[in-house]
Amino acid sequence: MSSIAPEQVITSPRLRPQETNTFVIFGASGDLTRRKLIPALYNLAVAKLLPEGFHVVGIAVTPMKDESFREEMCQAVKESKEATAFNEEVWRDFALGMHYITAEFDAPEGYEKLHALLSEIETEHENPDNRLFYLAIPPSFCGTVISRLGQHGFVSPQAHRGKGWTRIIVEKPFGRDLASAQKLNAEIHTVFDEEQIYRIDHYLGKETVQNLMAFRFANSIIEPIWNRRYVDHVQITAAETLGVEHRGRYYEEAGCLRDMFQNHLLQLLAIIAMDPPVRYGGSSVRDRKSDVLRAVIPINPENLGEMAVRGQYGAGIVDGHRLPSYRDEEGVNPKSNVETFVALKLFVDNWRWAEVPFYIRSGKRLHTKVTEIVIQFKRVPHMFFQLSSEDQMEPNLLIIRIAPDEGISLKFGAKVPGPAMRLRPVQMNFSYAETFQVQPATAYETLLLDAMEGDPTLFNRSDAVEHAWELLEPLIDIWAATKPFHPFPNYASGSWGPTTSDLLLERDGRAWRNPPASPLQSRVGVEPSGIVP
Ligand code: BG6
């Protein structure tokens, strides 16, 4: 089938925020700042979406001067695949507003220097004292920074007349289990009001994830079939070809459940399954998402094997290069039983979704880099066409591609041309890139701008974060306490994960949709030797 015809080029109707602010990054010498935050802010500068008089203050333990911080960040932008083409002039203006403070997070000196610097910036530029703090630091440091910000008088209540606003963005992982997430929520709430807290999950800023809401709720043909009467099951896949790279130490503490499921994948599930909100904004969307997480049936340890699969990658060959197994990665215990792959079967126990399985999987070093949602519809109740054995009738599939080539496809049966009544599955495609002919904003651009404008719709609320931990914690505990049934590694780099993941669906008479690699991606070869499926 042909694609939907390209529309006129549509540029973002977004305007630059009217009020300026100073963006303070704790953990400014870290990976997140150079890979995501500064490239996103630079892109906003190129798009003229940063407010006039905007400043960035980086704080970290690594000693640096303003000049070296600017140079490092300039390099980061030049190297970033997500940054728009480097523009010397834009960078020069942007970099003039960048500052750096070397400080320990628990010592008072750093906060005193920050006070002095913020007053200087605000006085010199006659800026209001609007401050957006970003915690790009491990969760174990968050409590300290938050209480120091409170003690040093950086935080004024939300609606203080005559004062600027103060907001805080907290990176994932938000805690490492339910107790630590509750503790962190309690610590933040002693200093910040909930309305000032922006718990970031970059998946919620992705263009197609937001489009999922548009697709469901702005089109009258979708909602009537979006329920247990028509949907057979839902698949969510977030597959990566990369391994843990240089993040072995972090990953040993996290594993795939904490790294991908507690946040990104349960959020996707919530958006797919939620009921229509009253409006877009305020607490409406977040209320409906929380309802979904509350309705998910917790995995019963007694039938764990039928509901959850874990895996860890072995060695493999990518583009002719041999890559190490997870256990051979830097910072990883050579006997590690940390999971790099998870597949779950979950049920959302409510009126709309009772008994419809949601199969969700994610893993590192899989065959293809792809994030997609597949809605498989029920078959027709009675097939009256006399089909020959060559006719392959597949169920209708709606495929929502989140990455890398964003779009939506619908698979349905069509008559093959000719005198005989023969049927074949065909596909109708909508591609974001082809239709709109613009590069979508990166997730961090969208979310940082939302936080500057005080729109929390795409950020997580404390209840959602705690529900997600509540759901996964029993599984995390069981897996931490028991060895995998099939010894790790149990899947080859470049495969689609352990065979037990296929069995999870086969037992129900279903199969994963394993999409082909996009031609733009590198091919991953499989090295099967030594791998126990
Ligand atoms: C991050 C995880 O939150 O998301 C990473 O910590 C993972 O391990 C990444 O690679 C995946 O994000 P995306 O946008 O590439 O799907």
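Now for a quick tour of the structure. This is a predicted model, so every value here is computed, not measured.

Among the seven residues that make up strand β14 (residues 397-403), seven are buried, leaving the element largely enclosed by the rest of the structure. Inspection of the sheet shows strand β13 (residues 370-377) paired to β14 by six bridges, in the antiparallel sense. Along β14, the bridge assignment pairs I375 with L398. Bridge analysis of β14 against strand β15 (residues 407-416) gives five bridges, and the strand direction is antiparallel. Paired with L397 across the two strands is K411, which belongs to β15. Hairpin connection, β14 to β15: the antiparallel pair is bridged by three residues.

This part covers the sheet that holds strand β12 (residues 357-363). Ordered in space as β8-β11-β12-β7-β13-β14-β15-β16, the eight strands form an open sheet in which the pairing is mixed. The open sheet has two edge strands, β8 (308-311) and β16 (422-431), and neither has a second partner. The average undirected angle you get between the axes of adjacent strands in this sheet is 15°. Where β15 lies against β16, 10 bridges are found, and the strand directions are antiparallel. By the bridge assignment for β16, V416 is matched with R422. Helix-sheet contacts for helix α13 (residues 462-481) involve β8 and β11 (341-347), and the interaxial angle to β8 is about 50°.

Of all seven residues in β11, seven are buried, a share of seventy percent or more. Where β8 and β11 come together, four bridges link them in antiparallel fashion. Bridged to G311 within β11 is F341. One ladder, built from seven bridges, connects β11 with β12; its direction is antiparallel. Note on β12: the bridge partner recorded for F341 is G363.

Attention now goes to the site of the ligand. Lining the immediate environment of the ligand, one finds K172, H202, Y203, K206, E240, R247, D259, M260, H264, K364 and K369. The side chain of K172 places a nitrogen or oxygen atom 2.8 Å from an oxygen atom of the ligand. With the chains in place, 80% of the 400 Å² that the ligand exposes on its own is no longer accessible. Its residues assigned to classes, the shell around the ligand shows two nonpolar, two polar and seven charged.

Cut-offs and rules
- Residues numbered from 1 in each chain as written.
- Predicted model: local features only at pLDDT ≥ 70, side-chain atom pairs only at ≥ 80, totals over all residues.
- Heavy atoms only, no water.
- Buried < 20%, exposed > 50% of the residue type's maximum accessible area, 1.4 Å probe, protein only.
- Helix = DSSP H or I, 4+ residues; strand = E, 2+ residues; numbered from the N terminus.
- Pairing = 2+ DSSP bridges.
- Axes fitted to C-alpha atoms, helices over the stretch in contact; angles between N-to-C directions.
- Contact = heavy atoms within 4.5 Å.
- Near = heavy atom within 4 Å.
- Polar contact = N/O pair within 3.5 Å; in protein donor to acceptor, adjacent residues only side chain to side chain.
- Areas by Shrake-Rupley, 256 points an atom, 1.4 Å probe, with all protein chains shown as cover.
- Nonpolar A, V, L, I, M, F, W, Y, C, P; charged D, E, K, R; others polar.

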